[in-house]
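Geometric and topological summary
The lines below spell out each chain.
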Amino acid sequence: MSARDSFRPRPETRLASRDGKRAVSAPHAPRQNQLLAALPLEDYERLLPDLEPVSLPRGWTVHRAGEREKCSYFLTGGIVSRFYVTRSGASAEFALTGSEGVIGVASFLGGESTPSQAVALSDSYAYRLGADVLKNEFEHNRPLSHLLLRYVQALITQTGQIAVCNRHHSLDQQLCRWILASLDRLPSNVLTMTQELIAHMLGVRREGVTEAAGKLQKAGLIHYSRGQIAVLDRPQLEAQVCECYGVVKRAYDRLLPAT
């Protein structure tokens, strides 16, 4: 898949099939999402019938810019990027989300839509919950509403820190941050990402990513080949990254429950 394909909306592949009697099993359980896992059992079981499993294929658009967010997606696997595309077609990412969080915060914050997009960067899975259900959780001041507000606070920290990083730190450091943040949300030390796609996410030219990745590979920190980045020396990669990675990671660790 090319980077251009990654920004092209794709039809949804649904795993859920409810006829009132049964539901098709999903490859990931709801409690593989950190927020759902933190719910008291009584609240989790009450919400379970409303949680619809969905598959988010790589390149699938979860939400388009300006589109009403009718539901939220609690990720159980994979990563989703939130980014903004300008009128000229330039783009820049401001947040990455994995199984620690949820896509579709406008559906429960009251804004209904945002000017940004959300696209799956890898084959991902989630459980979808309707905006009406979430609204009811907030109206009754239930545990999920408190968890979601803490998540939004962590998300705000991430978006603000990425803005600072993009303005003040070198591309080499930004690439290290992006690789580490992505790996934190994936089960292996290998990323399947083209340099063009990474350039879209960082809002830079592809040639800059090529040069930065070349430096990391020459130093023995990564191996890049055919659209795959394998991390060979994570401790040294963490030593090269700017403070932004640690600031965001600590914010999530502090605000969200451990699983």
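Scroll up to find the structure this text is about.
Residues numbered from 1 in each chain as written. Predicted model: local features only at pLDDT ≥ 70, side-chain atom pairs only at ≥ 80, totals over all residues. Heavy atoms only, no water.

**Some remarks on the overall build of the protein chain**
- A count of helical and extended segments in the protein chain gives 11 helices and 12 strands.
- When each of the 259 residues of the protein chain is scored for burial, the buried share is 49%.
- Long-range pairs, those at least 24 residues apart, make up 75% of the contacts in the protein chain with a sequence separation of at least 6.
- Accessible surface computed for the protein chain: about 12500 Å², of which carbon and sulfur atoms make up 49%. (Helix = DSSP H or I, 4+ residues; strand = E, 2+ residues; numbered from the N terminus. Buried < 20%, exposed > 50% of the residue type's maximum accessible area, 1.4 Å probe, protein only. Contact = heavy atoms within 4.5 Å. Areas by Shrake-Rupley, 256 points an atom, 1.4 Å probe, with all protein chains shown as cover.)

**Examining the sheet that holds strand β6 (residues 91-97)**
- Strands sit in the order β3-β8-β5-β6 across an open sheet of four strands; the sheet is antiparallel. Pairing within the sheet leaves two strands with one partner each, and these edge strands are β3 (61-63) and β6. Ignoring which end each strand starts from, the neighbouring axes of this sheet average 35 degrees apart.
- Across four bridges, strand β5 (residues 80-85) lies against strand β8 (residues 117-120) in antiparallel orientation. Looking at β8, one finds that Val80 is bridged to Ala120.
- Contacting β5 and β6, helix α8 (residues 195-202) crosses the sheet at an angle of about 90 degrees to β6. (Pairing = 2+ DSSP bridges. Axes fitted to C-alpha atoms, helices over the stretch in contact; angles between N-to-C directions.)

**A few points about the packing of aromatic side chains**
- Scanning the entire structure with this criterion turns up three aromatic pairs.
- A centroid spacing of 5.6 Å and a plane angle of 10 degrees characterise the contact between Phe108 and Phe138, whose relative ring orientation is stacked. Taken together, the positions of Phe108 in helix α4 (residues 106-109) and Phe138 in helix α5 (residues 131-139) put the pair 30 residues apart, joining distant regions of the chain.
- Residue Phe108 is classed as buried on the basis of its relative accessible area, which comes to 9%.
- Of note, Arg31 hangs over the ring of Tyr44, and the distance from its end group to the ring centre comes to 4.0 Å.
- It is Arg185 that lies over the ring of Tyr252; its NZ or CZ is 5.8 Å from the centre. (Phe/Tyr/Trp six-rings, centres within 6.5 Å; stacked < 30°, edge-to-face > 60°. Lys NZ or Arg CZ within 6 Å of the ring centre and 35° of its normal.)

**Quick notes on the environment of Ala181**
- Its location among the elements puts Ala181 in helix α7 (residues 171-183).
- What makes Ala181 buried here is its relative accessible area of 13%.
- Taking the C-alpha atoms as reference points, Ala181 and Val248, separated by 67 residues in sequence, lie 9.1 Å from one another.
- Among all residues touching Ala181, those that are not within four sequence positions of it are Leu96 and Tyr245.

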